[in-house]
Amino acid sequence: MLLTITTTHQPATDLGYLLHKHPERCQSFVLSFGKAHIFYSEASTHLCTAALLLDVDAVKLVRGRGTFVGQYVSDCPYVASSFLSVAIAQVFSTALAGRCKDKPELAQIPIPLVARLPVLPCWGGEEFLRQLFEPLGYSVSAQGHLLDENFPEWGQSHYYTVELQHTLPLSELLSHLYVLIPVLDDEKHYWVGDEEVEKLLRHGEGWLAGHPAREQITKRYLKRQGHLTRAALAQLMEEENLDPDGVEEQHTQEEAAVEKPLSLNQQRLNAVVAALKKHGAKRVIDLGCAQGNLLKILLKDSFFEQILGVDVSYRSLEIAKERLDRLRLPRDRWNRLQLIQGALTYQDKRLKGYDAATVIEVIEHLDLSRIQAFERVLFEVAQPKTIVLTTPNIEYNVRFENLPAGRLRHKDHRFEWTREEFQSWANTVAKRFGYKVEFQPVGIEDSEVGSPTQMGVFSRNS
C-alpha cells in the first residue's frame, strides 16, 4: 500500500520539515497491523517526493479468528484503505495537526502538492471520486484497471490509480485523504463507535460541513451506522449555521458606514453595470450576490436577458427575494431571474453558459488557501466570456477617518490587497486561464494611495 506526496515548492525539501521526517533517512514504524516505512524517492530544491509505504500483515490480522481461507486472500495489503488513514494519523501526526516545529509559518502556507495512490478502491467509480475531491479544488487524474488483463471481457474493476493535484497547506491534504480514502473504500477495518464521530468532525473541520456530498461522506465514514451518522450530521449542520447572518449583516453595515461618505457602494454598482454593457453581456451571473443590490439594478434594466444570483447564505437569498418581490415589474421580467445557493469554492455546473460573471467585494472574504479553488470554479469551470471583479484597496484605508488604523473594512475580511498585489494576482490568473485583464479605479482616485475600490475586468481570449 503506497502513498506519495510531491511538491515543487521552493525549496522543495521543506516537505521534510512539514512531515517531520528527514529526506536523507528511511524510517520505519511498527503499527498494530504491520509496518509503515517513510522514505524520499527524490529530494532536491526543485522537486521533493515523500513516500509512505504500508506493509500490512494480512495473516496477523486474521490469526485467531478461525481458518476460513477467504480471510487470507484479500486486497488489504495492497490497496488504500482505512489502514492508510491510521498510518497517516500515527506517522504524520504533526503534519496532520498543522504544526511544524522548525518552520511554524510554513505549516499554514498553501504549497503545490501532488498526492498519488497507485491502487485506490472507488466504490461508486470515477464519478464518485471526482464528486469527493473536485469540490475541494483538486485536479483529479484517474486511470481505471481491468478485473483481469487476461480476461478483458470481465470488465473494469473498482480499482484506480489516482493523482490529486492542488495548492493548499499540507495539513489540509492529509485531512482530506484521512477522511475520504475509507469513504471511497466504503469500509473500515476496525470497530466504529462514538469516537469515530469526533475524528470525522475534527479532521473535517472547515470543509466537510459545506461539502456537497457531506451526507454520503458521513454515512460511509461511519459504516452506515444510523445513530452515529445522525449525530455527526446534526453537528455538521450546527457548524454550517455558525456563520449567523445577523452577525454578517452587522459587519456589512459597519463596512457600509465606513464607505458611506463616498457613496462608494453605488459607484461600484454603476461601474460594474457599465462594464457589463460595454462588453455586451446580456446573460449575467452575480457570484456572492448577498441581498441583491446588483440583481435589483439588472432586473430593472431591459438590456439584461438572463440573471442568476448565487450566494452561500440561504438567509441572504431569502432577503434578496423579499426585496426583489417589492419591485413592480412586468411578469416577463421576473422570468429572467433565478436565485440559487452555492459556494464559490465548489465546482458547480449550474454556473456554466453565461456571458459574464460579477464578483463584487467577495474575494476578500475567502481564506487565502481557498483562492485557488475559487479561481478554478470561476475561470475554468464557469468560464464566462467576461468577469468583473472588485475588491478593496487596502492602501486607501488610511483616508477613512472612522476606520481605526490597521483595521480592515469588514470584520469578515480575510485580507485586503494593495494595488500591486491585486494586479499581480489578476495578471497571473488571466494568463493561466486564457484571459486578458484591464484595471479600473472605482471612486475618487487619490494621488498617493489610489482609489478606494479596485476593479479588474477579465475578457476571455478568442
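Up top is the structure.
What counts, and at which threshold
- Positions within a chain are numbered from 1, following the residues in the order the chain's sequence is written.
- The predicted origin of the model limits local features to residues at a pLDDT of at least 70 and limits the giving and counting of side-chain atom pairs to 80 or more, whereas totals for whole chains, interfaces and linings rest on all residues.
- Based on all heavy atoms of the structure, the side-chain values leave hydrogens and waters out of the count.
- Numbered from the N terminus, helices here are DSSP runs of H or I no shorter than four residues, and strands are runs of E no shorter than two.
- Partly exposed residues are those whose accessible area sits between 20% and 50% of the maximum for their type, while under 20% is buried and over 50% is exposed, using a 1.4 Å probe and protein chains only.
- Note on contacts: a residue pair is in contact if any heavy atoms of the two residues lie within 4.5 Å.
- In this description, accessible areas are obtained by the Shrake-Rupley approach with a 1.4 Å probe, and a residue is regarded as covered only by the protein chains that are shown.
- DSSP bridges decide pairing: two strands pair if at least two such bridges lie between them.
- Consider the strands pointing away from the viewer: the crossover is right-handed when the path from the first strand over the helix to the second runs clockwise.
- Comment: axis = line fitted to C-alpha atoms, over the contacting stretch for helices; angle = value between 0 and 180 degrees taken between N-to-C directions.

1. Regarding the overall build of the protein chain
Right, on to step 1. Scanning the protein chain from terminus to terminus reveals 16 helices and 14 strands.
Right, on to step 2. For the protein chain, the residues scored as buried account for 50% of the 462 residues in total.
Right, on to step 3. Sequence-distant contacts in the protein chain: of pairs separated by 6 or more residues, those separated by 24 or more amount to 72%.
Right, on to step 4. Summed over its atoms, the accessible surface of the protein chain is roughly 22400 Å², and 50% of this surface lies on carbon and sulfur atoms.

2. Here's the deal with the pairing of strand S11 (residues 356-360)
Right, on to step 1. When you tally the buried positions in S11, you get five out of five residues, the bulk of the element.
Right, on to step 2. Of the two faces of S11, both are covered, the one formed by Ala356, Thr358 and Ile360 as well as the one formed by Ala357 and Val359.
Right, on to step 3. Inspection of the sheet shows strand S8 (residues 283-287) paired to S11 by three bridges, in the parallel sense. Note that in S11 the partner of Val284 across the bridge is Ala356.
Right, on to step 4. In terms of strand pairing, S11 meets strand S12 (residues 386-392) through five bridges, oriented parallel. Residue Ala357 lies in a different strand from S12, and its bridge partner there is Ile387.
Right, on to step 5. What joins S11 to S12 is helix H15 (residues 371-382), and the crossover it makes is right-handed.

3. Remarks on unusual backbone geometry
Right, on to step 1. Here the residue pair Gln10 and Pro11 is connected by a cis peptide bond, since its omega of -10° sits within 30 degrees of zero.
Right, on to step 2. Despite not being glycine, His20 shows a phi value in the positive range, around 60°.
Right, on to step 3. Examined against the element boundaries, His20 turns out to sit in the loop between helix H1 (14-19) and strand S2 (27-31).
Right, on to step 4. One non-glycine residue with positive phi stands out, namely Arg224, at about 60°.
Right, on to step 5. When you line up the elements, Arg224 lands in the loop between helix H8 (214-221) and helix H9 (226-240).

4. Considering the sheet that holds strand S9 (residues 306-311)
Right, on to step 1. Across the sheet, seven strands lie side by side as S10-S9-S8-S11-S12-S14-S13; this open sheet has mixed pairing. The open sheet has two edge strands, strand S10 (337-341) and strand S13 (435-442), and neither has a second partner. The mean angle between the axes of side-by-side strands here comes to 15°, regardless of whether they run parallel or antiparallel.
Right, on to step 2. Two elements, S13 and strand S14 (residues 453-460), share eight bridges in a ladder whose sense is antiparallel. In the sheet register, Phe439 faces S14, and the bridge partner there is Gly456.
Right, on to step 3. Seen against the sheet, helix H13 (residues 314-325) touches S9 and S10 and runs at an angle of roughly 160° to S10.

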